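The lines below spell out each chain.
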Amino acid sequence: FQLPHALEAINGAVALDARGLQLDGLRGRLGGGDVQFGGRIGIDEYRPSRLDVTMTGRDMRLRFPEGMRSVVDADLSLTGTPEQPTLGGNVLVRSAIYTRRFDEGGGLFELAGGPPSQTSTSLQATFPLRYDVRINAPSALRLENNSARIVSSADLQLRGTYDRPLLFGRAEV
């Protein structure tokens, strides 16, 4: 499992006590934007037992998926147990542009990532993450390549699980 960006310039105190780790005041940078963490990771018998972690990021310049460049703000939380974590919160896409060329036969379906690969199937069984994330992109999505020039907006809800993500909502092109 590879993340497209690294968390950099991590600074702040992580307090450890008999019940777990306290993350309040932990800061860093992701995609050139400021990120702040808060909350707690509970520990029971030397293992994580409860997740109540928040992440607030501003002006993050992300390059994911391949061919997409975006600037986003995010207020996310990771809650639950390590066996059943839920990623929730809000993502505001301030701007996004997809410039990768569409090759013969792929067309617009390349944006969806194509059929799942064998590698992703093996990862999915080991990563039980559930989603509850609102994604708002008010007139911020652009597609500019060899096939099309499109401006769109979207108000979406990402639900489901890591292995079966579901996207609901409304998009205007």
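Structure: above.
The rules behind the values
Residues numbered from 1 in each chain as written. Predicted model: local features only at pLDDT ≥ 70, side-chain atom pairs only at ≥ 80, totals over all residues. Heavy atoms only, no water. Helix = DSSP H or I, 4+ residues; strand = E, 2+ residues; numbered from the N terminus. Buried < 20%, exposed > 50% of the residue type's maximum accessible area, 1.4 Å probe, protein only. Contact = heavy atoms within 4.5 Å. Areas by Shrake-Rupley, 256 points an atom, 1.4 Å probe, with all protein chains shown as cover. Pairing = 2+ DSSP bridges.

Of the regular secondary structure elements, the protein holds 1 helix and 11 strands. Each helix and strand of the protein, placed in order from N terminus to C terminus, yields the pattern β-β-β-β-β-β-β-β-α-β-β-β. Here the protein, with 173 residues, has 30% of them falling under the buried criterion. Intrachain contacts of the protein at a sequence separation of at least 6 include 40% that bridge at least 24 residues. Per element, the accessible surface of the protein, about 11500 Å² overall, is 54% carbon and sulfur.

Little of strand β1 (residues 7-11) is tucked away, with 0 of its 5 residues classed as buried. As paired elements, β1 and strand β4 (residues 26-30) share 3 bridges and run antiparallel to each other. Looking across to β4, one finds that L7 is bridged to L30.

Little of strand β11 (residues 165-172) sits out of view: just 0 of its 8 residues are buried. Here 8 bridges tie strand β10 (residues 149-160) to β11, and the two strands are oriented antiparallel to one another. Paired with A154 across the bridge in β11 is A171. Here β10 folds back onto β11 in antiparallel fashion, the turn holding 4 residues.

Take the side chain of S70 next. Structurally, S70 is set in strand β7 (residues 68-81). Classification of S70 as buried rests on a relative accessible area of 11%. Excluding residues that lie within four positions of it along the chain, S70 makes contacts with M60, R61, L62, S95 and A96.

Right, let's get into the environment of S153. Counting through the fold element by element, S153 comes out in strand β10. A relative accessible area of 16% places S153 in the buried class. Placed 20 residues apart in sequence, S153 and V173 show a C-alpha to C-alpha distance of 6.7 Å. In this structure, S153 is in contact with A137, P138, S139, R170, A171 and E172, ignoring residues within four places of it in sequence.

In this section: unusual backbone geometry. Although it is not a glycine, E45 sits at a positive phi angle of roughly 55 degrees. If you trace the backbone, E45 turns up in the loop between β5 (33-44) and β6 (47-62). For Y46, which is not a glycine, the phi torsion comes out positive at approximately 65 degrees. Inspection of the secondary structure assignment puts Y46 in the loop between β5 and β6.

These figures capture arrangement, not role.
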